[in-house]
Amino acid sequence: MSSVKTAKTLIISGAAALGLAFAAPAAIASDFVDISFDDLDFGEEDFLQKLIEMDADDIADMRAEMADARAEILDAISEIQEARAEAEANPETRTVIEAALAAASAAVTSTTNSAFEKVRAELDEAEIELATTDVSEEEKTETQGAIAAVREELAGIEAAVGELVAAMKA
């Protein structure tokens, strides 16, 4: 196997891992790009109000976006496995690949952990505020469903990121 192909694989694997490390936390919080809660931005607007405004179509769209994000994470895992296989065939690159993956796993872990914590805290706060918000019981039930959907999707993304980090550390 040529060193150019091995270097290319390393770059692709590193870019996927590092791209996820930097893109995922921002997207979880606000960008609706790969892992996205764009409509659930934690900026100046009221997060609870955004949850109240979510309808079944919005929830379905969010779930589809999260499924796409999990698929992208699985693709990144596959690329990491390919890079590892190539490193086995070319021991000169093994150290470089292992170092890149170790750095990427640390970056993914620290950035996503803080993003997941922030989303959970915002959901907890919204849930508490919902109890005293002046909306109908039907709207409260629908909003509680939206909160539950976000929590469920967040757990799925968190599990996928855990698999990615495990693949990087393997």
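Values in this document were obtained by computation on a predicted structure and should not be read as measured data.

*Asks:* Give me the lowdown on the overall build of the protein, citing residues and values where you can.
*Replies:* Helix and strand content of the protein: five helices and zero strands. Reading the helices (α) and strands (β) of the protein from amino to carboxyl end gives α-α-α-α-α. Classification of the 170 residues of the protein by burial places 38% in the buried group. Accessible surface, the protein: about 8,700 Å² in total, of which carbon and sulfur atoms supply 55%.

*Asks:* Would you mind going over the pattern of salt bridges in detail, with residue names and values included?
*Replies:* Enumeration over the complete set of coordinates arrives at seven salt bridges. Two residues, Arg120 and Glu158, come together in a salt bridge whose shortest N-O distance is 2.3 Å. With Arg120 in helix α4 (residues 91-132) and Glu158 in helix α5 (residues 137-169), the pair connects residues that are 38 residues apart, well separated along the chain. Given a relative accessible area of 29%, Glu158 falls into the partly exposed group. Of the charged contacts, one joins Glu127 and Arg151 as a salt bridge, the two residues approaching to 2.9 Å between their closest N and O atoms. Linking Glu127 in helix α4 with Arg151 in helix α5, this pair joins segments that are 24 residues apart in sequence.

*Asks:* Run through the side chain of Glu153, naming residues and quoting values.
*Replies:* With respect to the element layout, Glu153 can be found in helix α5. Setting aside residues no more than four positions away along its own chain, Glu153 makes contact with Met62, Arg63, Met66 and Arg70.

*Asks:* If you had to explain the environment of Asp124 to someone new, which residues and values would you point to?
*Replies:* Among the secondary structure elements, Asp124 is positioned in helix α4. Among the residues examined, Asp124 registers a relative accessible area of 39% and is labelled partly exposed. Note: C-alpha distance between Asp124 and Arg151 (27 residues apart in sequence) is 10.0 Å.

*Asks:* Tell me about the packing of α4 against α5, and please be specific about residues and values.
*Replies:* Closest axis-to-axis distance for the α4/α5 pair is 10 Å, and the angle between their directions is 170 degrees. On the basis of the axis angle, α4 is roughly antiparallel to α5. Looking at the contact of α4 with α5, its residues break down into 16 nonpolar, five polar and seven charged.

*Asks:* Lay out a negative patch on the surface with the relevant residues and their values.
*Replies:* A contiguous patch of negative charge on the surface is contributed by Asp55, Asp57, Asp61, Glu138 and Glu142. Within the residue set of the negative patch, elements represented by two or more residues are α3 (56-89) and α5.

*Asks:* An account of the confidence of the model for the protein is needed here, citing residue identities and associated values.
*Replies:* Per-chain confidence: the protein averages 74 in pLDDT, with 74% of residues scoring 70 or above. At the level of individual helices and strands, the protein shows its lowest average pLDDT in helix α1 (residues 3-31), which scores 37, and its highest in α5, which scores 90. Ignoring residues within four places in sequence, the model shows residues 1-40, a span with pLDDT below 50, making 84 contacts including any to other chains.

Basis of the calculations
- Residues numbered from 1 in each chain as written.
- Predicted model: local features only at pLDDT ≥ 70, side-chain atom pairs only at ≥ 80, totals over all residues.
- Heavy atoms only, no water.
- Helix = DSSP H or I, 4+ residues; strand = E, 2+ residues; numbered from the N terminus.
- Buried < 20%, exposed > 50% of the residue type's maximum accessible area, 1.4 Å probe, protein only.
- Areas by Shrake-Rupley, 256 points an atom, 1.4 Å probe, with all protein chains shown as cover.
- Salt bridge = Lys/Arg side-chain N within 4 Å of Asp/Glu carboxyl O.
- Contact = heavy atoms within 4.5 Å.
- Axes fitted to C-alpha atoms, helices over the stretch in contact; angles between N-to-C directions.
- Parallel < 35°, antiparallel > 145°, perpendicular 65-115°, else oblique.
- Nonpolar A, V, L, I, M, F, W, Y, C, P; charged D, E, K, R; others polar.
- Patch = residues over 30% accessible without salt bridge, like charges linked within 9 Å, V, L, I, M, F, W, Y side chains within 5 Å.
- Lys, Arg positive; Asp, Glu negative; His and termini not counted.
- Charge placed at Lys NZ, Arg CZ, Asp CG, Glu CD.
- pLDDT = per-residue confidence, 0-100.

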